[in-house]
Amino acid sequence: MEQASLLQRYRSDRRKLLEFLLSSGLVTELRTPSGSTTSLSGINFDALSADYVLDCLVSGGVVDVSEASQNYSHELAYPLMINSQLGNSYYLLSDPESAGSPPQRAPPPIDLNQTRKTSKDMDPLNLKNPATAGDNYDLKHGVTTVTHSKPVKHVKLPPLGLPNLKTGLSDDDLRESAYEILLASLLSSGIEIYLLEDRKKEKSAKFLLGLKNKRDKTHAQPQSLDRHSQVIRTIRIQMQISEVMDACIRQRMMAARRSWGKSDIPQISLGLLNSIFKSDFLHEKSYVKWKSRQAGIVEELLCYPANLVASDHETIKSSLAKIRNSNEWDMIMSPSERVQLLSNIKQVALKLSSLPGKLGIPSETYYWTTGYHLNMRLYERLLFSLFDVLDEGQLIEEADEILMLIKLTWSTLGITQKIHNAVFGWVLFQQFVETDEAMLLEHAILELQKVVSVEHDDEKERLYIDSLLCMRQCGVREEKLSLVQAIIFSISTWCDIKLQDYHLHFSQQPSTLKRLMTLVSAVGILSSANAGDTKLTRFDLKSEDAAKKVKSYVESSIEAVYRRVASTIDLEAKVERKHPLNLLANELRLIVEREINVFYPVLSHWCPESGMIVAKLLHQIYGERLEIFLNGVSCLSEDAKSVLPAARLLDHNLTQLYRTAGGDNNEDLHHYPIGEVAKPIILDWVIAQHSRVLEWTGRAFDLEVWEPLSLQQKQAASVVEVFRIIEETVDQLFGLNLPMDITHLQALLSIIFHTLDTYLVKMLSHLVEKNHLYPSAPPLTRCKDTAIPIMKKKLLESTLLDDNVISKLNNLTVSKLCIRLNTLKYIQKQIDIVEDGIKKSWALVRQSDDRISAEKESHELAREEEIDELFATTFNIIRDTSSSAISKFCYFLGPRVVFWDLRDAFISSLYRCNVEGARLDGIIPHFDSVLERICGLIDDSLRDLVIISICRASMEGFAWVLLDGGPSRAFSDSDIVLMEDDLATLKEFFIADGEGLPRSLVEQEAKFSEQILGLYSVQTETIIQMLMTASEQISLGLESHDPMNLINVHTLMRVLCHKKDSEASRFLKTQYQLPMSSEYEDTPSKDSTFGSPYMSDLLKRSTSFRWNNKSHSGGFKSFKKRFQEATSEMRNSGW
C-alpha cells in the first residue's frame, strides 16, 4: 500500500510540473494534431516525455504534443538512463546515493573466521578502516540503503598501546561518532551542512529564470552545487553512514545550530540525545543501539577523570543508567524530565570543559589530555575515510579536500600538526600493510619524515605529546612511550620483523624493499641498549651500526629461506623423482639470482659486503651436503648427472655474487671440486660409448637394404641412424653441463671418426674391381684359312668369376649404387653440420670454465691451436675418405652400366656379323632408358660424375667392339664410314646440342676410338709395316707401356684381325698362323674377366652436362628432359 501511494504521488507531482511548465509562458507555441493551441485541457500529461519538454523549452519553446507522446512511448522500451558522456552510468535496484560508485575490482574473499572485535579486544589504531556497512537505523524517513561488508584481515602490526576504552565502544561506534563530530565541527566553524535536497529546494525558485537564461544563452553552464556539500556527501559514503541517519543528524544540528557554539564531544552527544527520539526510528533495536553509543561516549569522557568529585560522578552514573534503560527513558520519563536529566549531565560537562588546559596550548581543552585515548581513535576513523571503500589501496580524488575539512576537528580532538602527521602516517602504513599498495607506503614515508625532521619542537607541544602515553610490552615489563614514539616503534618493529626474512616478504614485490629501507632510514630501526632496553638507531649510509644491523638481516634471512627450502626438499625429491641436492641447488640458485638482481643493489648502500655474506653462507651450507655426495661418486650415474651440473651452476652464481660485492674469488670462496670429480668419470663414460656406438653402427649397416629413405631423402636409412647416434652422443656429452678439457674432446672426435670410418670401410668392402665387369677377350682369328699355334694358346686364357664376386655384383645394381652414392654425399653434408655443432658446444664449455685467468692466456692460446688442428685432422680424413669412395663408386657405375647391364644390347650386339645391320641407332634407346632411371635416383649434385662415368665407359665399350669384337666382327673399308657416323652419334648423344656434357670432354673421351677408326682407314701394308716395327722394339726391349699408344703390337694385331682384307688374312696366316674366324662360336659370357689395356682414368677431371630438346631421335627426349633440370654452369669449362 505504501509503495502504491508513493507511485500515485510521484505521478501527480509529475503532472503538476508539466502543467506548470507548459502554462508558465516559456512555451512560445504548443502544437497538437489539430493545430496550434493554447488550451491544456485535452492534453494527457502522463503520456508526455518530460525530457522532450525540457529540451524544447531550452532550445526555443516550440512543443509538439505528438512528438512528446512518441518520445514517451519510445522511452518506455528502454531502461532509465543518465545522459553521461563518460559512459560510466549504472542501473541500480538500490539507492545510488547510499550505494556509492560501482565496484572497480573483484570482491575480496570471505574470512569465515572473522569475528566482530571491539576496542576491548584490540587497539583500534592497529586496524585498517573497517569495511563493515554503516548501520541503517530504520528511521521512519526510510529509504533503501546499501551496506558493504568486507572481511577484516588481522594486521600483524604491533599495537600502539593506547589506554583501553572502558565502555566497550566498537569500531562501528567510533566511526559513526567521528562523523557526528566532523559535522558538529563544520557547523561550529560556520560551514552549513544542508542536505543537497534542501539546497535544491532553496534554489528551485530560480529554476524558471535559469531556463530563460539558457534559452537566450545556449552555451551557459549550469550552476554547480555547493562544493562543501558534495565533499561531505563523499565523506558520508566513505564512512558508510546511512543516508537517513545522516539526514536526521544534519536536520537536528541545523535546527539547533545557534545553541551549539563551540562544542566538545560530550556536548555533541548530549545535544543529539536531546533532539533525536525513538519516534525517528522504525525499529526499537536500532534506536537502543544508537542511544547506547551516545551514552558510552559521554561515560568515557565524564565518568573516569581523576579530578571528578564523587557527587558529580554519581550524577553521571545514575543519569547514564536511566538513559540506557529504555523503559524508564522512553516510557516513564516525560520530555521535561529527560531534558532536565540531560541538563544535569551537561552541567557536569561544562564544569569539566571550563577547566583550563594543563599545558596552556592555544585552543587546548580539558579533554585533550583526559580523553586522548578516545580522541586519537576517533581521528583515526576520520582519516580512514580517505581510502576508497571499493579499492582500499587507493586514495580518493577528494582526499585533499576532505583533509581540509577534517582539520576543523583538531581543536575538538586535541590534534596538532605533528600529531596529525604521525597518525596519518600510521594510518597510511596500516593500509599499506593490508593492501601492499606501494603508493601508500610512499605517502606514509613522506608523513613520517615530516615528524622526524622537525628539529626544534615547541616546548608546550612537546610536553603535550609526551603526555599522550602508550604502554608497550618489552619482554616481561611494560614501557611507557609517547604517542609519536609508539607509532614509530610499532612501524620500526614491523619493519624489523619483515627485514629479518626479506626473501620471504619482498620476493613478490622487490621494489617495496627499497621503499621500506627508505622508511627505516627516516624513523630508525630497533636495537638493544646496554641496560636491556630497546632504542631506535638512525640508519645513516655510513653508520657502522646500520651495517651491522643489515648484516644481521642478511644472515637471518638466508638462514630462514634455507630452512624453508630444506624442509620440503626431501618430499619434493620423492614426488619429482630427482636427487635432493639437485633441487636444493636449483632453489638456492634462484635465491642467489634474486639477491644479485633485487636485494643486493638496495642493501649494498648500508652494507656493501652483504652480497659476500650471502655468497659465503650459501656456499658453506650447500658445500657441506655436497661434499658427502662427491665422496661417493664413482661413475656417471643419473644422480651424478643431475647433481653435478646443478652444483656447478650454483657455484658459478655464488662466484658472480661474491665478485659483484667486491670479493676476491681466491680468498674466501673456493670452488666446489666439480671438475676434479667429473672429468675422470666423464672420460670413462665417453670411452664406454665408443664400443657401443661402433656396435650400433655395424648393426645398422648390416641391416641396410640400400633403398631410398623417401622420395625426397634419397640416402640410405642406415646413415641417418648413424648420424642420429653420433648426435645423441654429442648432445649427451655436452648436455652434462660439466667441465671438460681437450682429452674429452679427443675421445669424442675419436668416436665420430671411427664410427664414420667403419661405415665407409664397410661400404667400400662391398665394391669389386671393375675389371670383373669386362667380358673375356676373344681369340685372335683371321678371315681366311691360316693358323699360328704359338699365339692361340696365350690369347685363349680366361678366368671365371668366383661366387663371392658374383654375389657382390648382384648386390651392386645400378639403383643400389645410386643410393650408396647418395649416402656418401649425405655423409659429406652432415659432417660439416656435426663439426660446426661440436665447435659451438665446445666454445660454450670454454666460456663457462671458471679457471680462466691472466697467467693462463698463453697456455689457452696454444690449446686453442691444438684444438683447431684436432678438428681439421679428424674431419678432413673423413671428408677425403668419402670423396675417394664417391670416385670409386662412380668409376664402377659406368662400366657396370655399359659392360654388365648393357652387355647384350651394346657390347655383344653392336656390328655383330655385319656393320650395316647392327648399328648404334638401335642401341641408343637402351642408354636413354638407363640414364632416365639413374636421374630419378641419384642426388642432383652427383649427376655430373655419374654421366661422365657412363660416357667414358660407353667410349671404352665402342673401342672394345673395334678391337676385341671377336670372330663375329670384320670391318671392310666401306664399314669405316658407317662406324665413324655411329661414333659421332654417340658423342652427340652425350653433348646433346650443347646442353649435355661439354664437347671438349666428350671429344677427349672419344679420341681413342677415333684413332682406332683411323687405323682401319690406313692401308694394310702400312699397318703390317707398323706391326713389324713394333715387334722389333719388343725384341730390343723398347716396347711402350702406354695403353693409349696405338703403335703397339696388341692394337695393330687386333686391327689386322678385324680388317676384312685378303692381304691382312694372308699376313696373319703366314706370320702368325691364326685360325679363321669361322672356326669359333663367339658367345659372350658374364662370368669371366679380362684386364683391358685400354682403360683410362678420366675422373681426375670434372665436367658438367646439359641436354635439350634437340637431341637425335625421339627415343632420347625423356632422357634429355631430365638432364635439362640438372644443368651446370661448368658446361663450357676447359679440359
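Our structure's up above, just so we're on the same page.
Residues numbered from 1 in each chain as written. Predicted model: local features only at pLDDT ≥ 70, side-chain atom pairs only at ≥ 80, totals over all residues. Heavy atoms only, no water.

### What to know about the overall build of the protein
Here's step 1: Regarding its fold elements, the protein presents 45 helices and nine strands.
Here's step 2: Taken over 1135 residues, the protein has a buried fraction of 49%.
Here's step 3: Taking the contacts inside the protein whose residues are at least 6 apart along the sequence as the reference set, 78% of them involve residues at least 24 apart.
Here's step 4: For the protein, the exposed surface amounts to about 54600 Å²; the carbon and sulfur share of it is 52%. (Helix = DSSP H or I, 4+ residues; strand = E, 2+ residues; numbered from the N terminus. Buried < 20%, exposed > 50% of the residue type's maximum accessible area, 1.4 Å probe, protein only. Contact = heavy atoms within 4.5 Å. Areas by Shrake-Rupley, 256 points an atom, 1.4 Å probe, with all protein chains shown as cover.)

### Re the pairing of strand β1 (residues 29-32)
Here's step 1: Residues of β1 alternate between two faces, with Leu 30 and Thr 32 buried on one and Glu 29 and Arg 31 left unburied on the opposite face.
Here's step 2: Pairing between β1 and strand β3 (residues 62-64): three bridges, direction parallel. Residue pairing across strands places Leu 30 opposite Val 63, the latter belonging to β3.
Here's step 3: Linking two consecutive strands that pair antiparallel, namely β1 and strand β2 (residues 35-37), is a turn of two residues. (Pairing = 2+ DSSP bridges.)

### Focus: unusual backbone geometry
Here's step 1: A positive phi is found at Asn 737, a non-glycine position, where the angle reads about 55 degrees.
Here's step 2: Summarising the element assignment, Asn 737 is placed in the loop between α31 (717-734) and α32 (742-765).
Here's step 3: With a phi angle near 50 degrees, Gln 1073 is a residue other than glycine that sits in the positive phi range.
Here's step 4: Counting through the fold element by element, Gln 1073 comes out in the loop between α44 (1062-1072) and β9 (1088-1089).
Here's step 5: For Gln 1073, a relative accessible area of 37% translates into the label partly exposed.

### Notes on the packing of helix α25 (residues 511-523) against helix α27 (residues 580-603)
Here's step 1: In the contact formed by α25 and α27, the axes pass within 9 Å of each other and the chain directions differ by 10 degrees. As summarised for this structure, α25 and α27 are arranged roughly parallel, according to the angle between their axes. Seen along the crossing, α25 lies across α27 with a hand that is right-handed. Contacts between α25 and α27 involve Leu 513, Lys 514 and Met 517 from the former and Phe 599, Val 602 and Leu 603 from the latter.
Here's step 2: Partitioning the contact of α25 with α27 into residue classes produces five nonpolar, no polar and one charged. (Axes fitted to C-alpha atoms, helices over the stretch in contact; angles between N-to-C directions. Parallel < 35°, antiparallel > 145°, perpendicular 65-115°, else oblique. Left-handed = near helix turned anticlockwise from the far one by under 90°. Nonpolar A, V, L, I, M, F, W, Y, C, P; charged D, E, K, R; others polar.)

### Some points on the sheet that holds β1
Here's step 1: Spatially, β2-β1-β3 is the arrangement adopted by the three strands of the open sheet, whose pairing is mixed. A single partner strand is all that each edge strand has here, and the edge strands are β2 and β3. Looking at each pair of strands side by side, their axes are set apart by 30 degrees on average, direction ignored.
Here's step 2: Across three bridges, β1 lies against β2 in antiparallel orientation. Bridging across to β2, Leu 30 finds its partner in Thr 37.
Here's step 3: Where helix α3 (residues 65-76) meets the sheet, it contacts β1 and β3, and its direction lies at approximately 60 degrees from that of β3.

### A closer look at the pattern of salt bridges
Here's step 1: The full count for this structure, using the stated rule, is 39 salt bridges.
Here's step 2: In this structure, the salt-bridge partner of Arg 896 is Asp 901, at a minimum N-O distance of 3.3 Å.
Here's step 3: Here Arg 896 falls in the buried class, since its relative accessible area comes to 6%.
Here's step 4: Between Asp 940 and Arg 943 there is a salt bridge; the shortest N-O distance is 3.2 Å.
Here's step 5: For Asp 940, a relative accessible area of 49% gives the class partly exposed. (Salt bridge = Lys/Arg side-chain N within 4 Å of Asp/Glu carboxyl O.)

### Quick notes on the pairing of strand β4 (residues 469-474)
Here's step 1: The two faces of β4 differ: Cys 470, Arg 472 and Cys 474 on one face are buried, but Leu 469, Met 471 and Gln 473 on the other face are not.
Here's step 2: Taken together, the six bridges between β4 and strand β5 (residues 477-482) define a ladder with antiparallel strand orientation. Among the inter-strand pairings, Arg 472 is bridged to a residue of β5, identified as Glu 479.

### Brief notes about the side chain of Ser 275
Here's step 1: By the element assignment, Ser 275 lies in helix α11 (residues 265-275).
Here's step 2: Judged by relative accessible area, which is 16%, Ser 275 ranks as buried.
Here's step 3: In terms of polar contacts, Ser 275 uses its side chain to reach the backbone carbonyl oxygen of Gly 271, at 3.0 Å.
Here's step 4: With near-sequence residues (within four places) excluded, Ser 275 lies in contact with Arg 252 and Asp 280. (Polar contact = N/O pair within 3.5 Å; in protein donor to acceptor, adjacent residues only side chain to side chain.)

### What about the nonpolar core?
Here's step 1: In terms of nonpolar packing, the biggest core is built from 302 residues, with Phe 429, Leu 483, Leu 519, Tyr 622, Ile 752, Ile 838 and Phe 990 touching the most fellow members.
Here's step 2: Among the elements that line this core, the one with the most residues is helix α36 (residues 857-901), at 15 residues.
Here's step 3: Excluding residues within four positions of it along the chain, Leu 519 makes contact with Phe 429, Leu 441, Ile 445, Leu 448, Ile 491, Cys 495 and Gly 524. (Core = buried A, V, L, I, M, F, W, Y, C linked by side-chain atoms within 4.5 Å.)

### Considering the packing of helix α23 (residues 483-499) against α25
Each pair of packed helices can be described by the angle between their axes along with the distance between the axes.
Here's step 1: Where α23 meets α25, the closest approach of the two axes is 10 Å, and the angle between their N-to-C directions is 140 degrees. By the criterion of interaxial angle, the relationship of α23 to α25 is oblique. The way α23 lies across α25 gives a crossing that is left-handed. Taken together, the residues of α25 that come into contact with α23 (itself represented by Ile 488, Ile 491, Trp 494, Cys 495 and Leu 499) are Leu 513, Leu 516, Met 517, Leu 519, Val 520 and Val 523.
Here's step 2: Class assignment of the residues belonging to the contact of α23 with α25 gives a composition of eleven nonpolar, no polar and no charged.

### Considering the environment of Leu 162
Here's step 1: Examined against the element boundaries, Leu 162 turns out to sit in the loop between α4 (96-99) and α5 (171-188).
Here's step 2: Between the C-alpha atoms of Leu 162 and Cys 470, which are 308 residues apart in sequence, the distance is 4.7 Å.

### Regarding the packing of aromatic side chains
Two measures describe an aromatic ring pair: the distance that separates the ring centres and the angle between the ring planes.
Here's step 1: Under the counting rule described, the total for this entry stands at 23 aromatic pairs.
Here's step 2: Ring centres of Phe 281 and Tyr 287 lie 5.4 Å apart, and the angle between their planes is 55 degrees; on these two criteria the pair is classed as tilted.
Here's step 3: Owing to a relative accessible area of 3%, Phe 281 belongs among the buried residues under this scheme.
Here's step 4: With a centroid separation of 6.1 Å and an interplanar angle of 80 degrees, the aromatic rings of Tyr 911 and Phe 958 are classed as edge-to-face. Of the two residues, Tyr 911 is situated in the loop between α37 (903-907) and α38 (924-937) and Phe 958 in helix α39 (residues 943-964); the sequence distance between them amounts to 47 residues.
Here's step 5: The exposure class of Tyr 911 is buried, given its relative accessible area of 1%.
Here's step 6: One aromatic cluster is present, formed by Phe 906, Phe 927, Phe 989 and Phe 990 through successive ring pairs. (Phe/Tyr/Trp six-rings, centres within 6.5 Å; stacked < 30°, edge-to-face > 60°.)

### Describing the environment of Ala 321
Here's step 1: When you line up the elements, Ala 321 lands in helix α13 (residues 310-324).
Here's step 2: Given the relative accessible area of 44%, Ala 321 is considered partly exposed.
Here's step 3: Counting along the chain gives 26 residues from Ala 321 to Ala 295, while the straight-line C-alpha distance between them is 8.7 Å.

### Description of the environment of Val 1055
Here's step 1: Following the sequence through the fold, Val 1055 ends up in helix α43 (residues 1049-1058).
Here's step 2: Between the C-alpha atom of Val 1055 and that of Tyr 1016, which follows or precedes it by 39 residues, the distance is 6.6 Å.
Here's step 3: Residues in contact with Val 1055, not counting those within four places in the same chain, are Leu 963, Leu 1015, Tyr 1016 and Ile 1023.

### Structural notes on helix α20 (residues 417-435)
Here's step 1: Here α20 spans 27 Å end to end across 19 residues, near enough to the 27 Å set by a 1.5 Å rise per residue.
Here's step 2: Counting buried residues in α20 gives 17 out of 19 residues, a clear majority hidden from the surface.
Here's step 3: Remark: Asp 436 follows α20 within two positions and exhibits a positive phi of approximately 60 degrees. (Expected span 1.5 Å × (residues − 1).)

### Describing the state of the cysteines
Here's step 1: Tallied over the full model, the rule gives zero disulfides.
Here's step 2: With no disulfide of its own, Cys 890 lies closest to Cys 818 among cysteine sulfurs, the gap being 9.2 Å. (Disulfide = S-S within 2.5 Å.)

Read these as layout, nothing more, since geometry by itself doesn't imply function.
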